[in-house]
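Structural overview for review
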Amino acid sequence: NTDISALFTIFGATGDLAHRKLYPSLFRLYKKGFINENFAVIGTARREWTNDYFHEVIAESVKDLVDNEDELVKFTSHFYYISHNVKDAAHYVELKKLSDRLDEKYTLKNNRIFYLAMAPEFFGTIGDMLKQNGLITKDGFSRLIIEKPFGSDLDTAKELNEQLSHSFTEDQIYRIDHYLGKEMVQNISAVRFSNMIFESLWNNKYIDNIQITLAETVGVEDRGGYYDRTGALRDMVQNHVLQIIALLVMEPPMSLSGEDVRAEKIKALRSLRVYKSKDEVWENFVRGQYTSNDEVAGYLDEPNVNSDSDTETFVAGKISVDNFRWAGVPFYIRTGKRMAQKETYIHVQFKHVSMDLFPTEDVDEIAEPNILTIHISPLEGFSLRLNTKKVGQGTEMKNIRMHQIMDEETLMNSPEAYERLLLDCLNGDPTNFTHWQEVEQSWRFIDQIRKIWDEEPDQLYQYESGTMGPKESYQLLEKDGNNWIEFN
Ligand code: BG6
């Protein structure tokens, strides 16, 4: 669909996410004609801003994308700001008046998207207030987009979900996991299900192990307060890592519809082994915290972080999937702040052939296991490691890599995660948003680890900033006779 009419109401309009991601994404959708004359945006937050100032902020946030001043002015003219205390019912009356007025002015057909880009403690209140004050329309669509974190454990997630369910139905709720908007995460299903050579080998008979790395070089930046309460397990594993695992593990869906894909992902998440005992958790999960190096401060010296904090900034784990397809295949995961490189990739390591027919002694290269690498960022594409014979006489091996990496121009034209997800929501396509039952299963898995960790908070390994994590992360794989596959 192009040119869908809708009113966006962004709660948290003065915040960082809106500035960095939402306004530029809306502008890209505008430039591409997906939203046109029939859209309007109400930005709301506590701060007292004027419409003019709001327009300046929008202009600033999209400045790198502007190639025509007139277009920018036209775009920003669709933006309205209203300052708002989310707990005050009177403000929703104002919001409704403005919404109705804009609906008429831009012929928005009562289509509404409410985007909550703010602290989750207010999600429930906002939902209730929107409903009580008649902002949720019946004759157009009303959809709610919410940012993570969706709760901080299963109980709080349930509470939040229950609260939201008073005002929105499950199919009106779009829970963002921005990893699901990434090109290469969306490509996992394409490569799995449309290539016979992978589809037929995608199981425990042929796959030895799968490794997932989400490494960041940044520290906690200015989010010390949030991060210190959260830690890497909740910040990255509960959502992004488990979503990637669900896509790798799931059975082929009947179709690519939201309903079919999400049903398979829910089943996949249900099949993750929940570690029950203390021993199992400590044996399979490692937590770390970064220390300083010559260039950067350690975690404990970051602003708004408790100086004796035992929050983890790194997690490595071995996840087991208890179902017919995957029994016995370890999924190794690692993610952390202040690691050596900003790199996100998946390695699918296939089993060795049954016998070394080619020489393994006194040679430079021996047959290696095949590895399919899915590069998620900053490189985007695939690589495949294969073995061939070295050119010339004899039977020595040569290990080769086949790469399909997107070039800069393709990457520049590829829609950004938030842009894709906003458009999906406009089109009413929930496939790349997380269903409540996915959230529920993820927390079940995470809570158990958290519970054991909380009993022994000191079991936290330090790693120097700029490295790939503590040595215990390497030992986790060595115990199984495996190694983290270096990125290349
Ligand atoms: C967010 C986390 O969900 O993902 C951040 O809260 C993290 O801590 C970010 O930095 C990483 O996203 P990306 O797209 O840069 O890999």
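These numbers come from a predicted model, not from an experiment. (Residues numbered from 1 in each chain as written. Predicted model: local features only at pLDDT ≥ 70, side-chain atom pairs only at ≥ 80, totals over all residues. Heavy atoms only, no water.)

Overview of the sheet that holds strand S8 (residues 285–291)
For clarity, the threshold we go by: Here a strand pair is declared whenever DSSP counts at least two bridges between the two strands. Strands are runs of DSSP state E lasting at least two residues, helices are runs of H or I lasting at least four, and both sets are numbered from the N terminus onward. Every angle, taken between N-to-C directions, lies between 0 and 180 degrees, and every axis is a line fitted to C-alpha atoms, over only the stretch in contact when it is a helix. Any two residues whose heavy atoms approach within 4.5 Å are treated as being in contact.
Reading across the sheet, the nine strands line up as S14-S13-S12-S11-S7-S10-S9-S8-S15 and stay open at both edges, with mixed pairing between neighbours. The outermost strands of the open sheet, each flanked by one partner alone, are strand S14 (397–405) and strand S15 (461–464). Between one strand axis and the next, the sheet turns through 20° on average, direction left out of account. Relative to strand S11 (residues 343–350), strand S7 (residues 207–215) is paired through eight bridges, and the arrangement is antiparallel. Residue pairing in the sheet places Ala 215 in a bridge with Glu 343 of S11. The sheet strands contacting helix H7 (residues 183–193) are S11, strand S12 (371–377) and strand S13 (381–389), and the helix crosses S12 at an angle near 150°.

Some words on the UniProt feature "domain: Glucose-6-phosphate dehydrogenase C-terminal" (unreviewed entry) in the protein chain
The following threshold applies: UniProt positions are given in the numbering used here, feature names are shortened, and annotations may be inferred rather than shown by experiment.
UniProt records the feature "domain: Glucose-6-phosphate dehydrogenase C-terminal" (unreviewed entry) at residues 190–484, using the numbering of this structure. In this annotation, residues 190–484 is assigned 33% helix and 22% strand; the end-to-end C-alpha distance for the span is 25 Å.

With respect to empty space enclosed by the protein
To be explicit about the condition: Note on definitions: the grid is 1 Å and covers protein atoms alone; a cavity is a set of points where a 1.4 Å probe fits but cannot get out; a pocket is an open set with protein on both sides within 12 Å along at least five of seven lines; lining residues have an atom within 4 Å of a point. Grid points are joined across faces, edges and corners, and a volume is the space filled by probe spheres set on the points. Lys, Arg, Asp and Glu make up the charged group, whereas Ala, Val, Leu, Ile, Met, Phe, Trp, Tyr, Cys and Pro make up the nonpolar group; the residues left over, Gly among them, are polar.
For the structure on display, the rule yields one cavity of 30 Å³ or more. Approximately 130 Å³ is the volume found for the largest cavity. In this structure, the largest cavity is lined by 15 residues; those nearest its centre are Phe 150, Gln 238, Asn 239, Thr 434 and Val 439. Among the elements of the structure, helix H9 (224–249) and helix H14 (436–455) are those that each provide at least two residues to the lining of the largest cavity. Among the residues forming the lining of the largest cavity, the class breakdown is five nonpolar, five polar and five charged.

As for the packing of aromatic side chains
Basically, it comes down to this: In this analysis, rings of Phe, Tyr and Trp, with Trp reduced to its six-membered ring, are considered paired at centre separations within 6.5 Å, and the interplanar angle assigns stacked below 30 degrees, edge-to-face beyond 60, and tilted for intermediate values. Residue burial is assigned from relative accessible area. The probe radius is 1.4 Å, only protein chains are included, and a residue is buried under 20% of its type maximum, exposed over 50%, and partly exposed in between. In this scheme, the term charge over a ring applies when either NZ of a lysine or CZ of an arginine sits within 6 Å of the ring centre and within 35 degrees of the ring normal.
Enumeration over the complete set of coordinates arrives at 26 aromatic pairs. Each ring, one from Tyr 290 and one from Tyr 299, has its centre 5.7 Å from the other, and the planes form 75°; the classification is edge-to-face. Under the relative-accessibility criterion, Tyr 290 is labelled buried at 2%. With a relative accessible area of 0%, Tyr 299 lands in the buried category. One aromatic cluster is present, built from ring pairs that chain together Tyr 23, Phe 27, Tyr 30, Phe 39, Trp 49, Tyr 53, Phe 54, Phe 75, Phe 79 and Tyr 81. Over the aromatic face of Tyr 179 sits the side chain of Lys 182, whose NZ or CZ is 4.4 Å from the ring centroid. Looking at Arg 334, its charged tip hangs above the ring of Trp 484, at a distance of 4.1 Å from the centre.

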